[in-house]
Amino acid sequence: MSLRIVVTVKYVPDATGDRHFADDLTVDRDDVDGLLSELDEYAVEQALQIKEDADDAEVTVLTVGPEDAKDALRKALSMGADKAIHVEDDDLHGTDAIGTSLVLAKAVEKAGYDLVISGMASTDGTMGIVPALLAERLGVPQVTLLSEVSVEDGTVKGRRDGDAASEQLQAQLPAVVSVTDQSGEARYPSFKGIMAAKKKPVESWDLSDLDIEAEEVGLDGAFTKVESATERPARTAGTIVKDEGEGGKQLAEFLAAQKFI
């Protein structure tokens, strides 16, 4: 039986762009270019490596987001994933991490899976809790923050590197894992891969396909909301210390006043 790997990916605003909040205090995604979250590229890469080592495996990439989120799926497909699923619905606008985990769990169950792989966090929200929430909703083990991962004989194994030690972890499939940016450089899509991605299947689902009510997601169903936001003030000119024999003293006084020393 084929090993069914589902990789959850996110379409995020480019971190180099001018990001800001919209009027409803959600991230304004219309005025900045988006792309596949860099941390999710590592998850795609690990899924592809597991597929290459397996006798029979299939990699599905799954995303929840607006129409433009298909660009993230195309990037993953061009890297080598086999097919994609896009969950898109206007009622998803403003969904928080808890709501997103619900949508992902329903979609993963509908798609069928043995292993779910996620990045350690998204590069926009950076909450890092969705893999754990997803595992809880699916009722399966979670092995998170892995810098090394493999699958053998129905078991997923990996190494988690901490500040003081490294842990060797494992769990029986089905399971959810997340990988860090130390798990290995993600491959760059080849021209052949980009052309092949155009022919790979991309399914589109909405909330009704997943038996989710609009009230469970979106801003109305969110457990967390941004109450207020203030734009970062413009940068001001720094303090210039002219060294006329007392420069060191003036610098020390400045650092002390700012409580840096």
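Scroll up to find the structure this text is about.
As the structure is a computational prediction, the values presented were derived from the model and not from experiment.

1. Examining the packing of helix H3 (residues 97-111) against helix H4 (residues 130-138)
When two helices pack together, their arrangement is given by the angle between the helix axes and by the axis-to-axis distance.
Alright, step 1. With their axes 9 Å apart at the nearest point, H3 and H4 run at an angle of 50° to one another. As judged from the angle between their axes, H3 and H4 are oblique. Crossing hand, H3 versus H4: right-handed. Contacts between H3 and H4 involve Ala97, Ile98, Ser101, Leu102, Leu104, Ala105, Val108 and Glu109 on the former and, on the latter, Val130, Leu133, Leu134, Arg137 and Leu138.
Alright, step 2. The residue makeup of the contact of H3 with H4, split by class, is 10 nonpolar, 1 polar and 2 charged.

2. What to know about the sheet that holds strand S10 (residues 166-172)
Alright, step 1. Read across the sheet, 3 strands follow the order S8-S9-S10 without closing on themselves; strand pairing throughout is antiparallel. Taken across any chain shown, the strands that pair with only one partner, and hence form the sheet edges, are strand S8 (148-152) and S10. Across the sheet, the mean angle separating the axes of adjacent strands is 20° when strand polarity is ignored.
Alright, step 2. Pairing of strand S9 (residues 155-161) with S10 involves 7 bridges; the strand directions are antiparallel. Note on S10: the bridge partner recorded for Asp161 is Ser166.

3. Some details on unusual backbone geometry
Excluding glycine, most residues fall at negative phi; most peptide bonds, likewise, are trans.
Alright, step 1. With an omega dihedral of 5°, the bond running from Leu173 to Pro174 counts as a cis peptide bond.
Alright, step 2. Even without glycine at this site, Thr126 takes up a positive phi of about 50°.
Alright, step 3. Tracing the sequence through the fold places Thr126 in the loop between strand S6 (115-119) and H4.
Alright, step 4. The class of Thr126 is exposed, set by a relative accessible area of 53%.

4. Points about the packing of aromatic side chains
Alright, step 1. Tallied over the entire structure, the rule returns 0 aromatic pairs.
Alright, step 2. Over the ring of Trp205 we find Lys110; its NZ or CZ atom is 5.1 Å from the centre of that ring.

5. Here's the deal with the sheet that holds strand S1 (residues 3-8)
Alright, step 1. Spatial ordering of the open sheet is given by S7-S11-S6-S1-S4-S5-S12, a layout of 7 strands whose pairing is parallel. Sheet topology places strand S7 (142-146) and strand S12 (202-205) at the edges, where each strand pairs with a single neighbour. Recorded for the sheet is a direction-independent mean angle of 20° between the axes of neighbouring strands.
Alright, step 2. Summarising the sheet, strand S5 (residues 83-87) and S12 pair through 4 bridges and their orientation is parallel. Within S12, the residue paired with Ala84 across the bridge is Val202.
Alright, step 3. In the packing of helix H1 (residues 38-53) onto the sheet, contacts are made with S1, strand S4 (57-64), S6 and strand S11 (175-179), and the angle to S6 comes to roughly 145°.
Alright, step 4. Docked against the sheet, H3 engages S1, S4, S5, S6 and S12, running at close to 150° with respect to S4.

6. Thoughts on the pattern of salt bridges
A pair can form between side chains of opposite charge whenever their charged atoms are brought close.
Alright, step 1. Under the definition given, this model contains 12 salt bridges.
Alright, step 2. Here Lys75 ties to Glu41 by a salt bridge, and the two come within 3.0 Å at their closest N and O atoms. Here Glu41 lies in helix H1 and Lys75 lies in helix H2 (residues 70-79), a separation of 34 residues in the sequence.
Alright, step 3. Looking at Glu41, the relative accessible area reads 16%, which means it is buried.

Scoring rules and cut-offs
Residues numbered from 1 in each chain as written. Predicted model: local features only at pLDDT ≥ 70, side-chain atom pairs only at ≥ 80, totals over all residues. Heavy atoms only, no water. Axes fitted to C-alpha atoms, helices over the stretch in contact; angles between N-to-C directions. Helix = DSSP H or I, 4+ residues; strand = E, 2+ residues; numbered from the N terminus. Parallel < 35°, antiparallel > 145°, perpendicular 65-115°, else oblique. Left-handed = near helix turned anticlockwise from the far one by under 90°. Contact = heavy atoms within 4.5 Å. Nonpolar A, V, L, I, M, F, W, Y, C, P; charged D, E, K, R; others polar. Pairing = 2+ DSSP bridges. Buried < 20%, exposed > 50% of the residue type's maximum accessible area, 1.4 Å probe, protein only. Phe/Tyr/Trp six-rings, centres within 6.5 Å; stacked < 30°, edge-to-face > 60°. Lys NZ or Arg CZ within 6 Å of the ring centre and 35° of its normal. Salt bridge = Lys/Arg side-chain N within 4 Å of Asp/Glu carboxyl O.

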